[in-house]
Amino acid sequence: MDVASPLLPATPQAEEIARLFYVDLVIAGVIFVVVAGLVATVIIRNRKRSPDDLPVQNFGSETLEWTWTIIPVMIVTGLFVYTMKVMHEVDPKPVGREADVEIIAHQWWWEVHYHPSGAVTANEIHLPVGRDLLFQVRSADVIHDFWVPALGQKVDAIPNHPNYAWYDVDKPGTYLGTCAEFCGAEHAWMRIRVIAQPVPAFGFWVEEQLLDARPPTGSAAKAGAALFAKHTCMNCHSIRGTPANGDIGPDLTHLASRQTLAAGVFRNTPENLMKWVSDPQKYKPGSHMPTMDLRRQSFENIVAYLEELK
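Just so it is clear, the model here is predicted, and its values are computed rather than measured.

(A) The environment of tyrosine 82, seen in detail. Within the fold, tyrosine 82 resides in helix H2 (residues 62–90). A residue is classified by how much of its surface remains accessible, and tyrosine 82, at 18% relative accessible area, is buried. Residues tyrosine 82 and lysine 284 lie 202 residues apart in sequence; the distance between their C-alpha atoms is 43 Å. Other than its neighbours up to four places away in sequence, tyrosine 82 contacts Arg19, Leu20 and Val23.

Dropping the structure here:
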C-alpha cells in the first residue's frame, strides 16, 4: 500500500510529530467542549422566562479573571515545552560526516545521490529499513520543500544553502511525498516516491544502480540510441557507460526500472513513455524538456532504447 499520511508514521521522527498532533488535538477538543458547555449553560440558565425577568448582573470577579488567565498560560507553556522537545528529537544532530542521501530539487523533479556508493537516481528514493540516515536537501534553482509525510518533517530546499534531516524508516513500504513549497507552473507534478526495503534488497538495488547501461540489443533500440546521441537528448541527460553526460535533466541509466515518469505524471509504461517523449509540453507545460520535431518512427525507436535501460 502506498502511504501518504502523516498519521501513518514510518519513522521515529514522524511518530514524534504525530504524537504532538494528537496531544494538540486532544487539548483543543477539551477546550472546545468546555467552552461550548459553558456557553450552553449560560444560555440555558439565564434565558429570559418573562418580559420582566432579567438575569443577575455580575460586573466582575477577580477569581474568574485569574482563572481564565492562568489556565491558558499553563496550556500554552506546556505545549511550547513539548513542541521544543519534539523539535529536538526530530532535528538533525551535529555530526562530522557526509550525508548518506543528497536530494537536489529542480523545476520540477528530484535528483538523488547516495554516498559513499555514488549511485544516482531521480524522483524515486530507495532506503534501507532500520538505518539512521542523514539527508542533505538543497535546490538547483528556486526554493522547494521536500516532504514525505510518513517520514517526518518538511525540509526546505534552498539554493546554495543545504538543510539536513534524519530519517530512520522502520517499516518496509512505499511512501509518497511532494514538493510543499510553490515553485512554479508544474509544482503540483513534483512528486516523490520513497521505497523502503530490507537491507539486503537495498544493497542489491544499489549494486544495480552502479552498473553501466546495457548496450542496446534490438534494431529499433540501436536506432534509438543513435537518435538519442544525435539530437539534444544527450545534452541534458546522462546515461552511464555512454557519451551522454548532461546534468540538466534526470539520469536515465536505469530509467526503465523506475515506477513513474516525469516526477509522477505517468506510471512507467511503454505507452506512457511514448506520450512523454513525443510531446512533454502537452503533459507538463513549462517543463524544461523540449518537444522535438521528429517522425513517429523516430520516437518509437528512442522509446525502444529507453525501455532497455533497466
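The discussion continues.
(B) Broad picture of a nonpolar patch on the surface. Nonpolar side chains collect at one region of the surface, where Ile31, Val35, Val39, Ile43 and Ile44 lie side by side and expose about 440 Å² of accessible area between them. Along the chain, isoleucine 31 falls in helix H1 (residues 12–45). Owing to a relative accessible area of 38%, isoleucine 31 belongs among the partly exposed residues under this scheme.

(C) The arrangement of the sheet that holds strand E3 (residues 109–114) in detail. Taken in spatial order, the 5 strands make up an open sheet running E4-E3-E2-E6-E9, and their pairing is mixed. The sheet is open, and its two edges are formed by strand E4 (120–122) and strand E9 (163–167), each paired on a single side. The mean angle between the axes of side-by-side strands here comes to 25°, regardless of whether they run parallel or antiparallel. Relative to E9, strand E6 (residues 133–139) runs antiparallel, the two being bridged by 5 bridges. Looking at the pairing, valine 137 lines up with asparagine 163 of E9.

(D) Representation of the packing of helix H6 (residues 270–278) against helix H8 (residues 296–307) within the structure. Look at H6 against H8: their axes get within 10 Å of each other, and the N-to-C directions meet at 125°. The angle between H6 and H8 places the two elements in the oblique class. The chirality of how H6 crosses H8 is right-handed. Here Pro270, Leu273, Met274, Val277 and Ser278 of H6 lie close against H8, whose contacting residues are Arg296, Phe299, Glu300, Ile302, Val303, Leu306 and Glu307. Tallied by class, the residues present in the contact of H6 with H8 amount to 8 nonpolar, 1 polar and 3 charged.

(E) How the structure looks around the packing of aromatic side chains. One pass over the structure, following the stated rule, counts 10 aromatic pairs. With 6.2 Å between their ring centres and 35° between their planes, phenylalanine 135 and phenylalanine 146 make a pair best called tilted. On the criterion of sequence distance, the pair formed by phenylalanine 135 in strand E6 and phenylalanine 146 in strand E7 (residues 144–147) is long-range, its members being 11 residues apart. We note that phenylalanine 135, like phenylalanine 146, is buried. Between phenylalanine 266 and tyrosine 283 the ring centres are 5.1 Å apart and the planes differ by 70°, which places this aromatic pair in the edge-to-face class. Placement of phenylalanine 266 in strand E13 (residues 266–267) and of tyrosine 283 in helix H7 (residues 280–283) is noted, with a sequence separation of 17 residues between them. Exposure remark for phenylalanine 266: the relative accessible area of 11% places this residue in the buried category. Accessibility expressed as a relative area gives 27% for tyrosine 283, which makes it partly exposed. Taking NZ or CZ as reference, lysine 154 lies 4.6 Å from the ring centre of tryptophan 147, over its face. Geometry around tryptophan 189 places arginine 191 over its ring, the cationic atom sitting 4.5 Å from the centre.

Reading guide: rules and limits
Residues numbered from 1 in each chain as written. Predicted model: local features only at pLDDT ≥ 70, side-chain atom pairs only at ≥ 80, totals over all residues. Heavy atoms only, no water. Helix = DSSP H or I, 4+ residues; strand = E, 2+ residues; numbered from the N terminus. Buried < 20%, exposed > 50% of the residue type's maximum accessible area, 1.4 Å probe, protein only. Contact = heavy atoms within 4.5 Å. Patch = residues over 30% accessible without salt bridge, like charges linked within 9 Å, V, L, I, M, F, W, Y side chains within 5 Å. Areas by Shrake-Rupley, 256 points an atom, 1.4 Å probe, with all protein chains shown as cover. Salt bridge = Lys/Arg side-chain N within 4 Å of Asp/Glu carboxyl O. Pairing = 2+ DSSP bridges. Axes fitted to C-alpha atoms, helices over the stretch in contact; angles between N-to-C directions. Parallel < 35°, antiparallel > 145°, perpendicular 65-115°, else oblique. Left-handed = near helix turned anticlockwise from the far one by under 90°. Nonpolar A, V, L, I, M, F, W, Y, C, P; charged D, E, K, R; others polar. Phe/Tyr/Trp six-rings, centres within 6.5 Å; stacked < 30°, edge-to-face > 60°. Lys NZ or Arg CZ within 6 Å of the ring centre and 35° of its normal.

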